[in-house]
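Listed below, chain by chain, are the residues.
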Amino acid sequence: MAQQLVPINLPIRLQCLRVPARWKYEITRWKDGTEMIWFSASGGKNETATPFDAWEKRADFFRLREGDSDALRDFLDGVGLFTSASIEGAIAAGAEVGKTAKFLPLDNFRWVDAEDGRHRVWGDFQPLSADVIWATRREAIREMEKPKLHLGFDVLDLSLRLAALRSGPAAVITTFAFSDALAASVRIDHLQRAKIRRCQRPDCGIPFAAVGPRKRKFCGWYCGHIVSVRKIRAKHRQKRKRGAR
């Protein structure tokens, strides 16, 4: 007997939480002259989680110049955790430690409060290489522009809670790490049949999603404003040149 989906008329909310963290990076240099940059995070377990807009942070992430570790560190401070850990991964990590300590520590999680209640976030901070972070960005851009069915963000698993919010009941999808918020934003754009374009500001050029019939040329108001100001200044320069002849 075929299973049927039960229709439920609830609004869907996306809640992207910044799980507090303080990031730093170190450079490991090898004898052959190559080097590896490692980002690690710590602290923040007693701080309150705060929501952020996935699309705004995605644009900020795309605008970073690859290789600028200082800018990347500042960005990571603003989004908190970069990758999430499942309870299975947390238990496996605890079991590995427990082999020598003769116990199974399962305290590598934290509680974070949000509008829909408390959430348990599993996993200690794990060091990430800068190469992995930049590769994540390239993958997200590829998925935006050329999605691969069943190989990309369309198979993303996220946490969903049926919650009674101040604004009314809703199905709340929550992300606890920026990489999940990034993937969710890309997937939602695809489901909304958004047109993926490149910002027409020459020194920006990041991909962005345009929903609806209006043909947007820029990723945001700021880029459109900058291009407009540059055109006005160029006209003024031309007028001054003609006047000086």
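In the block above lies the structure referred to throughout.
Everything numeric here is computed off the predicted structure, so don't read it as measured data. (Residues numbered from 1 in each chain as written. Predicted model: local features only at pLDDT ≥ 70, side-chain atom pairs only at ≥ 80, totals over all residues. Heavy atoms only, no water.)

(A) Summary view of the overall build of the protein chain. Looking only at helices and strands, the protein chain features six helices and 11 strands. By sequence separation, contacts in the protein chain at least 24 residues apart represent 61% of the contacts at least 6 residues apart. Only carbon and sulfur atoms are counted for the fraction: they give 54% of the accessible area of the protein chain, which is about 16,100 Å². (Helix = DSSP H or I, 4+ residues; strand = E, 2+ residues; numbered from the N terminus. Contact = heavy atoms within 4.5 Å. Areas by Shrake-Rupley, 256 points an atom, 1.4 Å probe, with all protein chains shown as cover.)

(B) Examining helix α4 (residues 130-145) more closely. End to end, α4 covers 23 Å across 16 residues, agreeing with the expected 22 Å (1.5 Å per residue, within 8%). Buried within α4 are the following residues: A130, I133, W134, T136, R137, A140, I141, E143 and M144. (Expected span 1.5 Å × (residues − 1). Buried < 20%, exposed > 50% of the residue type's maximum accessible area, 1.4 Å probe, protein only.)

(C) Here's a closer look at the nonpolar core. Ranked by internal contacts, the top residues of the largest apolar core, which has 36 residues, are F61, L72 and L76. Those elements that provide at least two residues to this core are β3 (35-42), α1 (54-63), α2 (69-79), α4, α5 (178-191) and β11 (207-210). Tallying contributions element by element places α4 first for this core, with six residues. For F61, the residues in contact, after removing those within four places along its chain, are L72, F75, F82, I133, R137, F178 and L182. V19, A49, L81 and V121 belong to the second-largest nonpolar core, a separate cluster that totals eight residues. (Core = buried A, V, L, I, M, F, W, Y, C linked by side-chain atoms within 4.5 Å.)

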